[in-house]
Amino acid sequence: MEWRIGQGYDVHAIAEGLTMHLGGVTVSDQIGFVAHSDGDVAIHALCDALLGALALGDIGKHFPDNSDRWKGIDSRILLRQVVGMLAERGWKPGNVDITIALPKIGSFVPAMREVLAADMGIDPDKVSVKATTTERLGFVGRGEGCEVWAIALVVKE
């Protein structure tokens, strides 16, 4: 079996008056991520990890933030398109591991795992989502933004 590993990282600022989408789930309708798309920082990091595994660049290359085509788009659509890019080359996600630095989101993790697994066409037990805090340090600790790390294993079909 042939396999490859990719890593992704993304950051978005938080602002009031937006809806927060994270891992394909609506987390808040009071605050959200400032972004060209819906701002789902977890999916963006995951897309970068999947693309990186096959040296296909990053989501900015495929879905540029200066294009009206992607303005406000649901990031789940981007994830499904990235999985399609892998499939065109004979690859599929094996498993993924995502770490989200943002307080008080642990109750959303099971739903995130289900949604992300469905969008990638894999079992939820192959999707790890972990929430962590920064112990009130830095921009995450001050509530100014969120950062996410993702690692993806892709396997040759």
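Please read these numbers as outputs of a predicted model, since none were measured by experiment.

A short note on a nonpolar patch on the surface
Moving on, step 1. Taken together, the side chains of Met1, Trp3, Ile5 and Ile151 make up a nonpolar region of the molecular surface, amounting to roughly 520 Å² of accessible area.
Moving on, step 2. Tracing the sequence through the fold places Ile151 in strand 7 (residues 145-156).

Quick word on the environment of Val129
Moving on, step 1. The residue Val129 is located in strand 6 (residues 127-132) in this model.
Moving on, step 2. Taking relative accessible area as the criterion, Val129 reaches 9% and is therefore assigned buried.
Moving on, step 3. Along the backbone, Val129 and Glu88 are 41 residues apart, and their C-alpha atoms lie at a distance of 26 Å.
Moving on, step 4. Val129 has contacts with Ile98, Ile100, Val109, Met112, Arg113 and Leu116, leaving out every residue within four places of it along the chain.

Considering the pattern of salt bridges
Moving on, step 1. Taken as a whole and assessed by the stated rule, the structure comprises 6 salt bridges.
Moving on, step 2. Arg80 is the salt-bridge partner of Asp119, the closest N and O atoms lying 2.9 Å from each other. With Asp119 in helix 4 (residues 109-120) and Arg80 in helix 3 (residues 75-88), this residue pair connects regions lying 39 residues apart in the sequence.
Moving on, step 3. Exposure remark for Asp119: the relative accessible area of 8% places this residue in the buried category.

Details of the sheet that holds strand 5 (residues 91-101)
Moving on, step 1. Across the sheet, which stays open at both edges, the 5 strands sit in the order 4-1-7-5-6 with mixed pairing between neighbours. Two strands bound the open sheet, and with one partner strand each, they are strand 4 (31-33) and strand 6. The sheet shows a mean angle of 25° between the axes of neighbouring strands, taken without regard to direction.
Moving on, step 2. Alignment of strand 1 (residues 3-16) against strand 7, held across 11 bridges, turns out to be antiparallel. Residue Val11 lies in a different strand from strand 7, and its bridge partner there is Glu147.
Moving on, step 3. Strands in contact with helix 3 are strand 5 and strand 7; relative to strand 5, the strand with the most contacts, it is inclined by about 145°.
Moving on, step 4. On the sheet, helix 4 packs against strand 5 and strand 6 and is oriented at approximately 145° with respect to strand 6.

Parameters at a glance
- Residues numbered from 1 in each chain as written.
- Predicted model: local features only at pLDDT ≥ 70, side-chain atom pairs only at ≥ 80, totals over all residues.
- Heavy atoms only, no water.
- Patch = residues over 30% accessible without salt bridge, like charges linked within 9 Å, V, L, I, M, F, W, Y side chains within 5 Å.
- Areas by Shrake-Rupley, 256 points an atom, 1.4 Å probe, with all protein chains shown as cover.
- Salt bridge = Lys/Arg side-chain N within 4 Å of Asp/Glu carboxyl O.
- Helix = DSSP H or I, 4+ residues; strand = E, 2+ residues; numbered from the N terminus.
- Buried < 20%, exposed > 50% of the residue type's maximum accessible area, 1.4 Å probe, protein only.
- Contact = heavy atoms within 4.5 Å.
- Pairing = 2+ DSSP bridges.
- Axes fitted to C-alpha atoms, helices over the stretch in contact; angles between N-to-C directions.

The quantities given are spatial measurements derived from coordinates; they are silent on function.
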